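Below, each chain spelled out in residue letters.
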Amino acid sequence: MKKKWWHEKIGYQIYPKSFLDTNGDGVGDLTGVIEKLPYLEQLGVDILWLSPVYPSPMVDNGYDISDYENIDPRFGTLEDMDRLIAEAKKREMYILMDLVVNHCSDEHEWFQQAIKDPDGKYGNFFYIRDKKDDKAPCNWRSYFGGPVWEELPGHPDKQYLHVFHKKQPDLNWENPEVREEVYKNIRWWMEKGLGGFRIDAIINIKKKLPFSDYPADRADGLCSVGRMLEEAEGIGEFLGEMAEKCFHPYDAFTVGEVFNEKEDEIKDFIGENGYFSSMFDFEETCYGKSEDGWYASKPYLTPEEYKKCIFHTQKKIGDTGMISNIIENHDEPRGVCHYISPEDRCPDSRKLLAGVYFLLKGIPFIYQGQEIGMENMEFTSMDQIDDISTIDEYQVALRAGCSEKEALDAASAFSRDNARTPVQWSAEKNAGFSEGEPWLGVNPNYKEINVKSQLTDSDSLLSFYKKLTALRKAPEYKETLVYGTFAPYQEEQKNLIAYTRNGEKNLLILGNMQAQSQKVSLPGEVKEVLLNNQKAVEITEKEIILKPYQFIVLETAV
Ligand code: TEU
Ligand code: CA
């Protein structure tokens, strides 16, 4: 693998709205991010991905952008952004912005112009179709529920396409003028000194045309957009062009939100000269999610299921490129709640999960609050919910015959708001997030789970994450942890998640995800114990006895 500057970095995702509020309006801001740079530096992360901070009506919390070349006043100013980039650079940290270009906001100038003159230049920036016999051009269901077609304001005879919310009209990537505008925006940001971009929902930019119906997959007579994506071909032309015109000239780091790529496409996406530097592994995020909705999905994975997912991805990627490994992001439940069953959830199992995913081959990303083990909310009423996706899924559950309680339970298990509650900085008012009224309720467990108390506790999850980042950067082990091969170890042994990383050194990563001890045979002589989530280690000549929920990293002779 040809070495790249970002290979040995560690990512951290910031959801600015919920990170830190410095002016008391209840909304996190860029000044808050700047204030916490020393904290992030200490944690050992160096690529900071910011969820969108552009001007936005906020129906989807900034994933509906009304101006690509500015900052929403809620978050600060362009000067704040410049300052953030500069302050980060001083610490050898890089800022990634979120590139949301499958769609913009209906309040974006382009869409406003399209409404004024659907047959003019900007009409062709979107997918606008005439209504025929009062029927929509196709029966696709949007990701946030309901049809993807919506009447074009002021034009009862026309409809426009939105695969997400109706306030997120899809941009017509088939139109070269759209692509040029997008590329111009990207370069404008890169010129400011960004490290690169996280690329939102990108797989949706290529539509299967002409629009046509698919067999309905629910009682609403609609079919998931995902079905269409399986048949859409040719996205590579757009992505290759974007990479060549916007990313490669700047040696940018880009990480794509890529779902359901085909196995033979991995090289095109993240191989040398791929469209992106990296893409997220979503195998474990998707596992157990039902086509029918959250109410029918598995609220958490067993250790065997989790192992199956991460190992499958590792084997699939091999040496083709660098995947980005996560257990959380702003769309998912909290990792400790989703990947650890309620019976297994304890301080040691949390560290185990952290260690297991973090040392896989690829770029590890930490999502804000994950480093202290923030947990899902137990929502007791839909009034506590802000997220549009959750509001839809709640209705889906009720329509499928769930009781209100069951529908609320599904929301608690999967709501995107689980990840969006304010970061718990301390045991003080509003968890130290804001002096004002936070835009979204703070998780009531902030007195027990917060940064301040974990900073001074050498046994905390936060301290453990610091050990993980330090190990990945340690001069003696860096080469092995970044470039070394991955191989499953004793894959068949139940509730054991174990693998080797072999490069300059030989490392064995072992996690016992059960309440009983278990014996594991060793590949050879143990040279050193590099990390342990417990005090003792029980090693005989050929075996190690792992205590309940023990996680150990060993350097071995072979
Ligand atoms: O997500 C794309 C996506 O497919 C998921 O949002 C998924 O469908 C959704 O989370 C189900 O609840 C990206 C962003 O990460 C997400 O926050 C945005 O809402 C979405 O794009 C639209 O921009
Ligand atoms: Ca604020």
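Calculation criteria
Residues numbered from 1 in each chain as written. Chains lettered and ligands numbered in written order. Predicted model: local features only at pLDDT ≥ 70, side-chain atom pairs only at ≥ 80, totals over all residues. Heavy atoms only, no water. Donors = N, O, S within 2.8 Å, 3.2 Å for Na, K, Ca; no water. Buried < 20%, exposed > 50% of the residue type's maximum accessible area, 1.4 Å probe, protein only. Core = buried A, V, L, I, M, F, W, Y, C linked by side-chain atoms within 4.5 Å. Helix = DSSP H or I, 4+ residues; strand = E, 2+ residues; numbered from the N terminus. Contact = heavy atoms within 4.5 Å. Patch = residues over 30% accessible without salt bridge, like charges linked within 9 Å, V, L, I, M, F, W, Y side chains within 5 Å. Areas by Shrake-Rupley, 256 points an atom, 1.4 Å probe, with all protein chains shown as cover. Salt bridge = Lys/Arg side-chain N within 4 Å of Asp/Glu carboxyl O. Pairing = 2+ DSSP bridges. Axes fitted to C-alpha atoms, helices over the stretch in contact; angles between N-to-C directions. Near = heavy atom within 4 Å. Polar contact = N/O pair within 3.5 Å; in protein donor to acceptor, adjacent residues only side chain to side chain. 1 Å grid on protein atoms, 1.4 Å probe; cavity = no way out; pocket = protein on both sides within 12 Å on 5 of 7 lines; lining within 4 Å. Sits in = over half its atoms within 2 Å of the grid points. Nonpolar A, V, L, I, M, F, W, Y, C, P; charged D, E, K, R; others polar. Points joined across faces, edges and corners; volume = space filled by probe spheres on them.

Peer 1: What's the story with the coordination of the calcium ion (ligand 2) in this structure? I'm lost.
Peer 2: Each pair of donors in an ideal octahedron of six around a metal sits at 90 or 180 degrees, and each pair in an ideal tetrahedron of four sits at 109.5 degrees. Distances from the calcium ion (ligand 2) to its protein donors, Asp21 (OD), Asn23 (OD1), Asp25 (OD), Val27 (O) and Asp29 (OD), fall within 2.3 Å. Mapped onto the sequence, the residues coordinating the calcium ion (ligand 2) show the spacing D-x1-N-x1-D-x1-V-x1-D. For Asp21, a relative accessible area of 7% puts it in the buried group. On the basis of relative accessible area, Asp25 is assigned to the partly exposed category, the value being 39%.

Peer 1: Help me out: how do you make sense of the nonpolar core in this one?
Peer 2: If you look at the biggest cluster of nonpolar residues, it comprises 160 residues, and the most contacted ones within it are Met81, Phe197 and Met242. It is helix 7 (residues 235-247) that provides the largest number of residues to this core, a total of seven residues. Contact partners of Phe197, with chain neighbours within four places excluded, come to Tyr54, Leu96, Met97, Asp98, Leu99, Ile186, Trp189, Met190, Phe247, Phe253, Thr254 and Val255. Formed by 11 residues, the second largest nonpolar core is a distinct cluster that contains Tyr489, Leu510, Leu546 and Ile552.

Peer 1: Help me understand a nonpolar patch on the surface in this model?
Peer 2: Side chains of Val529, Val537 and Ile539 sit close together on the surface and give an oily, nonpolar patch of about 180 Å² of accessible area. Taking the relative accessible area as the measure of exposure, Val537 reaches 32% and is therefore partly exposed.

Peer 1: What is the right way to read the environment of Asp25 from this model?
Peer 2: Along the polypeptide, Asp25 turns up in the loop between strand 1 (11-14) and helix 1 (30-35). Excluding residues within four positions of it along the chain, Asp25 makes contact with Arg74 and Glu437.

Peer 1: Quick question: what am I supposed to make of the side chain of Lys351 here?
Peer 2: Its place among the elements puts Lys351 in helix 12 (residues 347-358). On the basis of relative accessibility, which here comes to 5%, the residue Lys351 falls in the buried class. In contact with Lys351, other than residues within four places in its own chain, are Asp459, Ser460, Leu461, Phe464 and Asn533.

Peer 1: How do you make sense of the sheet that holds strand 3 (residues 94-99) when you look at a structure like this?
Peer 2: Picture the strands of a sheet paired through backbone hydrogen bonds; they go either parallel or antiparallel. Reading around the circumference, 1-2-3-8-10-11-12-13 is the order of the eight strands in this closed barrel, with parallel pairing throughout. Neighbour to neighbour, the strand axes of the sheet diverge by 25° on average, direction disregarded. Where strand 10 (residues 253-256) lies against strand 11 (residues 278-280), two bridges are found, and the strand directions are parallel. From the neighbouring strand, Gly256 faces strand 11, where its bridge partner is Met279.

Peer 1: Help me out: how do you make sense of the site of ligand 1 in this one?
Peer 2: As a matter of local geometry, ligand 1 sits amid 17 residues, with Asp60, Asp200, His330, Asp331 and Ser389 nearest to it. In the model, an oxygen atom of ligand 1 is placed 3.1 Å from a nitrogen or oxygen of the Glu257 side chain. Here an oxygen atom of ligand 1 sits 2.9 Å away from a polar atom, N or O, in the side chain of His330. If ligand 1 stood free it would expose 490 Å²; the protein chains cover 89% of that surface. Among the detected pockets, ligand 1 sits in the largest pocket. Residues belonging to the shell around ligand 1 are distributed by class as follows: seven nonpolar, three polar and seven charged.

Peer 1: Where do I start with the layout of surface pockets in this structure?
Peer 2: Empty space among the atoms becomes apparent when a probe as large as a water molecule is rolled across them. When its volume is computed, the largest pocket comes out at roughly 1400 Å³. In terms of lining residues, the largest pocket is bounded by 48 residues, among which Tyr143, Ser224, Phe259, Cys286 and Lys289 are the most central. At the level of elements, strand 9 (223-224), helix 6 (225-231), helix 9 (283-286) and helix 13 (388-399) are the ones that each hand at least two residues to the lining of the largest pocket. Per-element tally for the lining of the largest pocket: the top contributor is helix 6, with five residues. Considered class by class, the residues forming the lining of the largest pocket number 16 nonpolar, 15 polar and 17 charged.

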